[in-house]
Amino acid sequence: MIRCNMRSAIAAIAMAVSTLSGAIRETFAADVLYVTMSDNTVRKFDTAGNSLGIFANDGMNDPRGLAFDPSGNLYVANYATNTLAKFNSSGSYLPAETIALGLNFSVGVAIDQAGDIYVSNESSSRIRKFDSAGNQLATSIAGNTPTALAFDSAGFLRVANRTGNTIAKYDTDLNAVAGTISTDLNRPRGLAFDASGNIYAANGFTDDISKFSSSGTFLGRIGSSTNLNNPYGLAFDSQGYLYVASEQSRTIAKFASNGDFVTSWSTGSIAPRFIAFETTTVPEPGTLALGAVAVAVAVLAKRRSRKRLI
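Calculation criteria
Residue numbers run consecutively from 1 along every chain, following the written order of its sequence. The model is predicted, so local features are restricted to residues of pLDDT at least 70 and side-chain atom pairs to those at 80 or more, both for listing and for counting; the totals for chains, interfaces and linings are taken over all residues. Heavy atoms throughout the structure, all of them, feed into the side-chain values; hydrogens and water do not. Strand pairing is assigned whenever DSSP identifies at least 2 bridges connecting the two strands. Secondary structure elements follow DSSP: runs of H or I no shorter than four residues count as helices, runs of E no shorter than two count as strands, and numbering proceeds from the N terminus. The angle between two axes is taken between their N-to-C directions and runs from 0 to 180 degrees, where each axis is a line fitted to C-alpha atoms and a helix contributes only its stretch in contact. Confidence scores labelled pLDDT are given residue by residue by the predictor and lie between 0 and 100. The criterion used for residue contact is that any of the two residues' heavy atoms lie within 4.5 Å. The term polar contact refers here to a pair of N or O atoms within 3.5 Å; inside protein, the definition further demands a hydrogen-donor-capable atom paired with an acceptor-capable atom, and it admits residues adjacent in sequence only when both atoms are side-chain atoms. Only buried residues count toward a nonpolar core, which is a set of Ala, Val, Leu, Ile, Met, Phe, Trp, Tyr and Cys residues joined through side-chain atoms within 4.5 Å. Any residue under 20% of the maximum accessible area for its type is buried, any over 50% is exposed, and the rest in between are partly exposed; the area is computed with a 1.4 Å probe on protein chains only. One side-chain nitrogen of Lys or Arg within 4 Å of one carboxyl oxygen of Asp or Glu is enough to make a salt bridge. In this tally, Asp and Glu contribute negative charge and Lys and Arg positive charge; neither His nor the terminal groups of the chain are included. A pair of Phe, Tyr and Trp rings is counted when the ring centres sit within 6.5 Å of each other, with Trp represented by its six-membered ring. The angle between the planes then sorts it: under 30 degrees is stacked, over 60 is edge-to-face, the rest tilted. Criterion for a charge above a ring: Lys NZ or Arg CZ within 6 Å of the ring centre, and within 35 degrees of the ring normal.

**Quick look at the sheet that holds strand β14 (residues 166-170)**
Pairing is antiparallel across the open sheet formed by 3 strands, whose spatial order is β12-β13-β14. Each end of this open sheet is capped by a strand with a single partner; those strands are β12 (146-151) and β14. The sheet shows a mean angle of 25° between the axes of neighbouring strands, direction not considered.

**Digging into the confidence of the model for the protein chain**
Here the protein chain shows a mean pLDDT of 85. Residues at 70 or above account for 80%. Note on residues 10-28: pLDDT under 50 across the span, and 19 contacts to partners over four residues away in sequence or across chains. For the stretch residues 280-310, pLDDT sits under 50, and the model shows 30 contacts to residues farther than four places along the chain or on other chains.

**Concerning the side chain of E122**
Structurally, E122 is set in the loop between β9 (117-121) and β10 (126-130). In terms of polar contacts, E122 uses its side chain to reach the side chain of R162, at 3.3 Å. Discounting residues that sit within four places of it in the chain, E122 has contacts with Y79, N104, F105, V107, T145, P146, T147 and R162.

**Let's talk about the nonpolar core**
Ranked by size, the top nonpolar core spans 28 residues in total, and within it V42, L66, L74, F87, I167 and L191 carry the most contacts. Once you skip the residues sitting within four places of it in the chain, L191 turns out to touch A148, A150, R158, V159, A160, I167, I199, Y200, A201 and L234.

**Notes on the pattern of salt bridges**
Per the stated rule, a full pass over the model turns up 9 salt bridges. The salt bridge partner of D62 is R273, with a shortest N-O separation of 2.9 Å. A residue pair is termed long-range when its members are at least 10 positions apart, and D62 in the loop between β3 (51-56) and β4 (63-68) and R273 in strand β23 (residues 272-281) qualify at 211 residues. The partner of R158 in a salt bridge is D152, with the nearest N and O atoms 3.1 Å apart.

**Focus on the side chain of K211**
Its location among the elements puts K211 in strand β17 (residues 208-212). With no salt bridge to any partner, buried K211 finds its closest opposite charge in D194, at an N-O distance of 4.6 Å.

**Points about the pairing of strand β18 (residues 218-222)**
Of the pairings in the sheet, the one linking β17 to β18 comprises 4 bridges and is antiparallel in character. Residue pairing in the sheet places F212 in a bridge with F218 of β18. Hairpin connection from β17 to β18: 5 residues lie between these consecutive antiparallel strands, with G216 at a positive phi of about 100°.

**Some points on the environment of V107**
Mapped onto the elements of the fold, V107 is located in strand β8 (residues 106-111). Spatially, the C-alpha atoms of V107 and T145 are 9.7 Å apart, while their sequence positions differ by 38 residues. Those residues in contact with V107, other than ones at most four positions away along the chain, are R64, G65, A77, Y79, S120, E122, T147 and F274.

**Let's talk about the sheet that holds strand β20 (residues 242-246)**
A sheet is described by the order of its strands in space; here 4 strands give the open sequence β19-β20-β21-β22, paired in antiparallel fashion. On the outer flanks of this sheet lie β19 (231-236) and β22 (261-266), each paired with one strand and no other. With direction set aside, neighbouring strand axes in the sheet form an average angle of 20°. By the bridge criterion, 5 bridges tie β20 to strand β21 (residues 251-255) in an arrangement that is antiparallel. Within β21, the position partnered with Y243 by the bridge is K254.

**A closer look at the packing of aromatic side chains**
Two aromatic rings, taken as a pair, are described by how far apart their centres are and by the angle between their planes. Following the criterion strictly, the structure yields 12 aromatic pairs and no others. A centroid spacing of 5.0 Å and a plane angle of 65° characterise the contact between Y200 and F236, whose relative ring orientation is edge-to-face. With Y200 in strand β16 (residues 199-203) and F236 in strand β19, this residue pair connects regions lying 36 residues apart in the sequence. Summarising the burial analysis for this pair, Y200 and F236 share the class buried. On the basis of an interplanar angle of 75° and a centroid distance of 4.9 Å, the ring pair of Y232 and F274 is categorised as edge-to-face. You can see Y232 sitting in strand β19 and its partner F274 sitting in strand β23, a full 42 residues away along the chain. F274 shares its class with Y232; the two are buried. Taken together, the ring pairs in this structure connect F45, Y243, W265 and F277 into an aromatic cluster. Here R64 stacks its cationic end above the ring of Y79, 3.9 Å away from the centre of that ring. Positioned above the aromatic ring of Y232 is the side chain of R189, whose terminal nitrogen or guanidinium carbon lies 3.7 Å from the ring centre.

Below, the structure written as structure tokens:
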């Protein structure tokens, strides 16, 4: 009788956990898209294009690149004032932690795993590296009009040189390393990497996206027939969809992992520039299920042992 009751209880618990796991799986990756806009704001959207409101509207003057640090703080490059504004995870502006960059026309922002910050300056063709306190750690000549910055899976910094039509490669000390891409680009302004390490670059003159393998082999173009107009920022969500901020058409376009166009939505009269994702996760459903079953088995086994002693 005890054995039968134990089996029935475990079966019921497993069914309940399975139902709970399904509900959690639906919300496991809650992707939120952050966009720097021409009205000096950072706005949020879900992956269906629904507006989630203004995240921040202080401390910005012609905002361009943006990136999250490991603690969830957001850094935004101000093109007009050459400063790097910092916001906490709730969107509060932290003026005391703003970094004066000292060079003209700051555009791209990237943050490494150590929390160090990299900023590109178009007019001086330099990239500068700072720690989170704003201390400059390194600087480098990056080519011709460095714009977007992004780290690949190996930890190398990739730099889109807009007028040089190249994607350069640097280590975290800003030393140039082999692997520059110099073909099939036309004024690249945005950079992103998919889960396989392929490189995507937004071409401002041809209104499309160039795709390269991690080694730099050209794999083709996407978005050529989707009314992109001066594509700017690029970003991938946790499901592998690519998002493109199209500045002149005032839209954000969404593409599947195979390059097929999925949808686009309007940002009204406000132009989108750079984009970035922050992903909110919950515990893996499998972990929750195993934990619940383990606890249930332990409790029932203890009860069974007590009854035997009696």
